[in-house]
Amino acid sequence: MSTADTPKRSMRTPLGRVRNLGAAHSGTSDFWRQRLTAVAMVLLMIPVIVVIMMLLGRNQAYAKQILGSLPIAIIMVLFIVASAWHMKIGMQVVIEDYIHNEKLKLATIMLNNFFSIAVALASIYAILQLSSGV
């Protein structure tokens, strides 16, 4: 048996070695953040579906009027933020699990972050444009 096959000796217990640290060295925080965003999306889904149902078969002026109201704009922005954050975390977990080349993993995580932020900002900008009346 070579030295590479033998585990490192440590004074720490197995629980102490893994406490708060997973493969990505971030523990379970991503797991809980993803669950939190999922719950937020479920709670916001009902008002979003109601807004979509209100917009079915309506013209663009009516859609601008509905989406431009402050309470609906706030609900839509919250839904966008929760969805983009949930998407970012989910894709990052997939990237960390299935891409083994460290440079490629870093590049794809960065692209995932940029893409998620771009989607969220573009969507929020559109809602703010409608709500400001410009």
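Calculation notes
Residues numbered from 1 in each chain as written. Predicted model: local features only at pLDDT ≥ 70, side-chain atom pairs only at ≥ 80, totals over all residues. Heavy atoms only, no water. UniProt positions renumbered as here; feature names shortened; annotations may be inferred. Axes fitted to C-alpha atoms, helices over the stretch in contact; angles between N-to-C directions. Helix = DSSP H or I, 4+ residues; strand = E, 2+ residues; numbered from the N terminus. Parallel < 35°, antiparallel > 145°, perpendicular 65-115°, else oblique. Contact = heavy atoms within 4.5 Å. Nonpolar A, V, L, I, M, F, W, Y, C, P; charged D, E, K, R; others polar. Expected span 1.5 Å × (residues − 1). Buried < 20%, exposed > 50% of the residue type's maximum accessible area, 1.4 Å probe, protein only. Patch = residues over 30% accessible without salt bridge, like charges linked within 9 Å, V, L, I, M, F, W, Y side chains within 5 Å. Areas by Shrake-Rupley, 256 points an atom, 1.4 Å probe, with all protein chains shown as cover. Salt bridge = Lys/Arg side-chain N within 4 Å of Asp/Glu carboxyl O.

- In the annotation of an unreviewed UniProt entry, the entry for the protein reads Succinate dehydrogenase hydrophobic membrane anchor subunit, and the organism field reads Bradyrhizobium japonicum.
- The protein has a UniProt comment under Cofactor (unreviewed entry) that states "heme".

## Remarks on the packing of helix α4 (residues 70-98) against helix α5 (residues 102-132)
No. 1: For the pair α4 and α5, the least separation of the axes is 10 Å and the interaxial angle reads 170 degrees. Classified by the angle their axes make, α4 and α5 are roughly antiparallel. Contacts between α4 and α5 involve A73, M76, V77, I80, V81, A84, M87, K88, M91, Q92, I95 and E96 from the former and K105, T108, I109, N112, N113, F115, S116, A120, S123, I124, I127 and S131 from the latter.
No. 2: A breakdown of the residues in the contact of α4 with α5 according to their chemical character gives 14 nonpolar, 7 polar and 3 charged.

## Points about the UniProt feature "transmembrane region" (unreviewed entry) in the protein
No. 1: Within this structure's numbering, the places UniProt gives as "transmembrane region" (unreviewed entry) are residues 36-56, 62-85 and 106-128.
No. 2: End-to-end, the C-alpha atoms of residues 62-85 are 30 Å apart, and along that stretch the chain is 92% helix and 0% strand.
No. 3: Counting secondary structure, residues 106-128 comes out at 100% helix and 0% strand; the distance between its end C-alpha atoms is 33 Å.

## A short note on α4
No. 1: The first and last C-alpha atoms of α4 sit 42 Å apart over 29 residues, in line with the 42 Å expected at 1.5 Å per residue.
No. 2: Buried within α4 are the following residues: I72, A73, M76, F79, I80, A82, A84, I89, G90, Q92 and I95.
No. 3: Contacts from the buried residues of α4 go to α2 (29-55), α3 (60-67) and α5.

## Quick notes on a nonpolar patch on the surface
No. 1: On the surface, M45, I49, I52, M53 and L56 cluster together to form a nonpolar patch covering roughly 480 Å² of accessible area.
No. 2: Along the chain, L56 falls in the loop between α2 and α3.

## Description of the pattern of salt bridges
No. 1: This structure, assessed with the given rule, holds 2 salt bridges.
No. 2: Here R33 makes a salt bridge to D30, at a shortest N to O gap of 3.5 Å. One end of the pair is R33 and the other is D30, both in helix α2 and 3 residues apart, which spans about a single turn.
No. 3: Using a relative accessible area of 16% as the deciding quantity, one classes D30 as buried.
No. 4: Among the salt bridges present, the one from K105 reaches E102, with a minimum N-O distance of 3.6 Å. Here E102 and K105 lie together in helix α5, a separation of 3 residues that amounts to about one turn.

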